[in-house]
Amino acid sequence: MSKSIAVHTTSVEETEQFGERIGRALEPGMVVALMGQLGAGKTTLTKGIGRGLAVDDLIHSPTFNLIHEHRGRMPVYHFDIYRLTSPEQLEDLGYEDYFYGDGVTIIEWPEKVMHMLPPDHLEVRISAAGDERTFEIVATGSLSAKVLEKLNQ
Ligand code: ADP
Ligand code: MG
């Protein structure tokens, strides 16, 4: 069983389509950590993931909220913690209800809180050059490995 895959895209639409595939493969309880610089494509990928999860409203870059909740074929919790000042702030939000609930959690800028993520999560490491994006998807446990398997099919 492979523990990581790499996917390349060359346009926003291609990234959204790939996100849609991820969204279709996700299982309740999955946490997706999106790692990459500003402009890497984290929000673009999240829009696609939302499409794959049949989210009924628009996913966008958060303004002041650290979390946006959406309704799809399961609850979708979109975190952007760029502005997080301390991990305690996440505790105040009651993050465990999201990370360990029966929805899907997607986190932009997870780097500061890696130690708070469930051990079994899906890591997406994004690198960018021009319009090309490389998505390295890493499974860290059996649930995320199942998602990876589905993406490989
Ligand atoms: P982030 O959330 O990581 O800051 P966004 O998804 O908001 O990034 O923005 C990605 C930016 O990169 C957009 O301006 C988009 O037009 C541009 N872009 C260029 N090529 C791609 C690609 N292949 N996939 C995704 N975005 C791309
Ligand atoms: Mg973003």
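What you are looking at is a predicted structure, and each value in this text was computed from that prediction instead of being measured. (Residues numbered from 1 in each chain as written. Chains lettered and ligands numbered in written order. Predicted model: local features only at pLDDT ≥ 70, side-chain atom pairs only at ≥ 80, totals over all residues. Heavy atoms only, no water.)

### Quick word on a negative patch on the surface
Step number 1: A cluster of like negative charges, contributed by E88, E91, D92, E96 and D97, occupies part of the molecular surface.
Step number 2: At the level of elements, α3 (87–92) and α4 (95–99) are the ones that each hand at least two residues to the negative patch.
Step number 3: Here the element with the most residues in the negative patch is α3; it accounts for three residues.
Step number 4: Within the secondary structure, E91 sits in helix α3.
Step number 5: Using a relative accessible area of 46% as the deciding quantity, one classes E91 as partly exposed. (Patch = residues over 30% accessible without salt bridge, like charges linked within 9 Å, V, L, I, M, F, W, Y side chains within 5 Å. Areas by Shrake-Rupley, 256 points an atom, 1.4 Å probe, with all protein chains shown as cover. Salt bridge = Lys/Arg side-chain N within 4 Å of Asp/Glu carboxyl O. Lys, Arg positive; Asp, Glu negative; His and termini not counted. Charge placed at Lys NZ, Arg CZ, Asp CG, Glu CD. Helix = DSSP H or I, 4+ residues; strand = E, 2+ residues; numbered from the N terminus. Buried < 20%, exposed > 50% of the residue type's maximum accessible area, 1.4 Å probe, protein only.)

### What about the coordination of the magnesium ion (ligand 2)?
Between any two of four tetrahedral donors, the ideal angle at the metal is 109.5 degrees; between two of six octahedral donors, it is 90 or 180 degrees.
Step number 1: Surrounding the magnesium ion (ligand 2) are the protein donor atoms T43 (OG1) and E108 (OE), which sit 2.1 to 2.2 Å from the metal. Here the residue T43 occupies a position in helix α2 (residues 42–52), and E108 occupies one in strand β5 (residues 104–108), the gap between them amounting to 65 residues.
Step number 2: Exposure remark for T43: the relative accessible area of 15% places this residue in the buried category. (Donors = N, O, S within 2.8 Å, 3.2 Å for Na, K, Ca; no water.)

### Quick notes on the packing of helix α1 (residues 12–25) against helix α5 (residues 142–152)
Helix packing for two helices is described by the angle between their axes and how far apart those axes are.
Step number 1: Between α1 and α5, the least distance of the axes is 9 Å, while the angle of their chain directions is 130°. The angle between the axes of α1 and α5 places the two elements in the oblique class. Where α1 crosses over α5, the handedness of that crossing is right-handed. Contact residues: R21, I22, R24 and A25 in α1; V147, K150 and L151 in α5. (Axes fitted to C-alpha atoms, helices over the stretch in contact; angles between N-to-C directions. Parallel < 35°, antiparallel > 145°, perpendicular 65-115°, else oblique. Left-handed = near helix turned anticlockwise from the far one by under 90°. Contact = heavy atoms within 4.5 Å.)

### A short note on the site of ligand 1
Step number 1: Surrounding ligand 1, one finds 16 residues, the nearest of these being T15, G39, K42, T44 and D131.
Step number 2: At 2.6 Å from a nitrogen atom of ligand 1 is found a side-chain nitrogen or oxygen belonging to T15.
Step number 3: Backbone polar atom of D131 to a nitrogen atom of ligand 1: 2.8 Å apart, as the coordinates give it.
Step number 4: About the coverage of ligand 1: the protein hides 75% of its 570 Å² of free accessible area.
Step number 5: Of all elements in the fold, only α1 and α2 reach the threshold of two or more residues within the shell around ligand 1. (Near = heavy atom within 4 Å. Polar contact = N/O pair within 3.5 Å; in protein donor to acceptor, adjacent residues only side chain to side chain.)

### A look at the packing of α1 against α2
Step number 1: Between α1 and α2, the shortest axis-to-axis distance is 6 Å and the interhelical angle comes to 45°. Taken together, the axes of α1 and α2 are oblique relative to one another. Helix-helix and strand crossings are classified by hand; for α1 and α2 the assignment is right-handed. Counting all contacts with α1, which are made through V12, E13, T15, E16, Q17, F18, G19, E20, I22, G23 and R24, the residues of α2 involved are T44, L45, K47, G48, I49, R51 and G52.
Step number 2: Here the residues of the contact of α1 with α2 sort into five nonpolar, seven polar and six charged. (Nonpolar A, V, L, I, M, F, W, Y, C, P; charged D, E, K, R; others polar.)

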